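In case you want the letters, here they are:
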Amino acid sequence: MRQSKTSMIILRLDRVMADRKISLTELAEKVGITNANMSNLKTGKVSAVRLSTLNAICKILHCQPGDILEYRPNEEEEL
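Now for a look at the structure at hand.

Criteria and thresholds
Residues numbered from 1 in each chain as written. Predicted model: local features only at pLDDT ≥ 70, side-chain atom pairs only at ≥ 80, totals over all residues. Heavy atoms only, no water. Salt bridge = Lys/Arg side-chain N within 4 Å of Asp/Glu carboxyl O. Buried < 20%, exposed > 50% of the residue type's maximum accessible area, 1.4 Å probe, protein only. 1 Å grid on protein atoms, 1.4 Å probe; cavity = no way out; pocket = protein on both sides within 12 Å on 5 of 7 lines; lining within 4 Å. Points joined across faces, edges and corners; volume = space filled by probe spheres on them. Helix = DSSP H or I, 4+ residues; strand = E, 2+ residues; numbered from the N terminus. Nonpolar A, V, L, I, M, F, W, Y, C, P; charged D, E, K, R; others polar. Core = buried A, V, L, I, M, F, W, Y, C linked by side-chain atoms within 4.5 Å.

A closer look at the pattern of salt bridges
Scanning the entire structure with this criterion turns up three salt bridges. Across the salt bridge formed by Glu70 and Arg72, the nearest N and O atoms sit 3.6 Å from each other. Residue Arg72 is classed as partly exposed on the basis of its relative accessible area, which comes to 37%. It is possible to trace a salt-bridge network through shared partners that takes in Arg12, Glu70 and Arg72.

Here it is as structure tokens:
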């Protein structure tokens, strides 16, 4: 039996940070989270993001949540 891939949310924080020329350390400091937690967000190694953290990131980067979050449907949903 073939297993289907699950849908997933992809974090594109690295792209927005590069566009805004802001470092991980600077963003983490302004958001009020540790460098380690910001690194995990940037690399997508998280399973959840607090709305307060997302709000702070968007405020600092002058972006919308959709600029840093991408929904990728599984193969079955694309049909």
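With respect to the layout of surface pockets
Approximately 210 Å³ is the volume found for the largest pocket. Elements that contribute at least two residues to the lining of the largest pocket include exactly β1 (8-11), α3 (35-43) and α4 (51-61). Looking at which element gives the most residues to the lining of the largest pocket, the answer is β1, with four residues. Here the residues of the lining of the largest pocket sort into 10 nonpolar, three polar and one charged.

Re the nonpolar core
One finds Leu13, Met17, Leu27, Met38, Ile57, Leu61 and Ile68 to be the most contacted residues of the largest nonpolar core, which totals 18 residues. Only α1 (13-20), α2 (24-31), α3 and α4 provide two or more residues apiece to this core. With five residues, the single largest contributor to this core is α4.

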